[in-house]
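Residue strings, one per chain:
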Amino acid sequence: MKTVKKAIIPAAGLGTRFLPVTKAMPKEMLPIVDKPTIQYIVEEAIESGIEDIIIVTGKGKRAIEDHFDHNLELEENLVKKEKFDLLDKVNYASNVDLHFIRQKEPKGLGHAVWCARKFIGDDPFAVLLGDDIVKAETPGLRQLIKQYEETESSVVGVQQVPDDETHRYGIVDPSTIEGRRYQVNDFVEKPKQGTAPSNLAIMGRYVFTPEIFSYLEKHQIGAGGEIQLTDAIQQLNELQKVYAYDFEGKRYDVGEKLGFLRTNLEFALDNPEFAEDIEKMMKDMLLEKAKL
Ligand code: UTP
């Protein structure tokens, strides 16, 4: 069995839910406390055993490449000022070996993954969405890779969502369950409200066998006029099993405003450097508001 050592991070979307900030700034670069979102995702991939990462970028996404590049002037300046702790942080990002490819037009997530096909070749691979952070004791992707190793099949990460949110996600129609792993009848992208076959939503982490590319290359247009990854998963599931795995941990959608604000607050509250101050700030703010 081939092991999963390659990962794709699609980061070429327009980020329309987060306009106007995403007009010139990639949403994947928006900071969660002091690190851009995409760095958390790259760290998860590395902690999961991934050795080669390709980021799919597009127009206006140069800042992502710059973040993972060396900035010699900055590094020299930090050395001169003996700010070695900051130097370590800056160097972490620039020492990660990444590859980049451009999606010329944002035609959908399925198309973004297809753009990286030559890099993947005939190997199994992971996909981590560029605007979804997972906080978990065992990294989310590592949990999925373990399932791949047990089943030698593609695995999609899922979690339960409330009834009134199913229409925003790819949803699975599960058949049998074994522990946290489901066999799946159908994968449906953004079902109309009230029609979802379950509450199990696809959450931005996947492991695929390379056969998925034979469906992605059809460039079939799906929900929202985009080439959807979920449609290719549904077709792959007819050829070879695709499992859904209810991974442990919390997933944060940083690609929309409320999710972003919540993620920042939660991560700051979890950070000993800020926790006490943030708690006090929040209490003071609420008291001030109550007085108005
Ligand atoms: P989203 O649907 O969350 O991204 O895709 P989006 O299209 O940028 O979002 P909105 O709806 O306009 O606000 C999930 C991930 O897939 C990437 C995005 O960058 C994001 O990280 N993506 C999406 C691509 O790389 N290419 C695409 O054509 C679409």
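Located above this text is the structure these notes cover.
Now for a look at the structure at hand. (Residues numbered from 1 in each chain as written. Predicted model: local features only at pLDDT ≥ 70, side-chain atom pairs only at ≥ 80, totals over all residues. Heavy atoms only, no water.)

Take the site of the ligand next. The environment of the ligand is formed by 19 residues, the closest being Gly-15, Thr-16, Arg-17, Gln-103 and Gly-108. Within the backbone of Gly-15, a nitrogen or oxygen atom sits 2.8 Å from an oxygen atom of the ligand. Between an oxygen atom of the ligand and a main-chain N or O atom of Gly-130, the distance comes to 3.3 Å. Burial of the ligand by the protein chains amounts to 86% of its free accessible area of 570 Å². Looking at the shell around the ligand residue by residue, the classes come out as 8 nonpolar, 6 polar and 5 charged. (Near = heavy atom within 4 Å. Polar contact = N/O pair within 3.5 Å; in protein donor to acceptor, adjacent residues only side chain to side chain. Areas by Shrake-Rupley, 256 points an atom, 1.4 Å probe, with all protein chains shown as cover. Nonpolar A, V, L, I, M, F, W, Y, C, P; charged D, E, K, R; others polar.)

Our next topic: helix H10 (residues 257–269). Here H10 spans 19 Å end to end across 13 residues, near enough to the 18 Å set by a 1.5 Å rise per residue. If you check which residues of H10 are buried, you get Gly-259, Phe-260, Thr-263, Asn-264, Glu-266, Phe-267 and Ala-268. Where H10 is buried, its residues meet strand S2 (31–32), helix H1 (37–47), strand S7 (132–135), strand S13 (250–253) and helix H11 (275–291). (Helix = DSSP H or I, 4+ residues; strand = E, 2+ residues; numbered from the N terminus. Expected span 1.5 Å × (residues − 1). Buried < 20%, exposed > 50% of the residue type's maximum accessible area, 1.4 Å probe, protein only. Contact = heavy atoms within 4.5 Å.)

Before going further, it helps to spend a moment on the packing of H10 against H11. Two elements in contact, H10 and H11, have axes whose closest approach is 7 Å; the angle formed by their N-to-C orientations is 130°. By the angle between their axes, H10 is oblique relative to H11. Contacts between H10 and H11 involve Leu-265, Ala-268 and Leu-269 from the first element and Ala-275, Ile-278, Glu-279 and Met-282 from the second. Considering only residue class, the contact of H10 with H11 consists of 6 nonpolar, no polar and 1 charged. (Axes fitted to C-alpha atoms, helices over the stretch in contact; angles between N-to-C directions. Parallel < 35°, antiparallel > 145°, perpendicular 65-115°, else oblique.)

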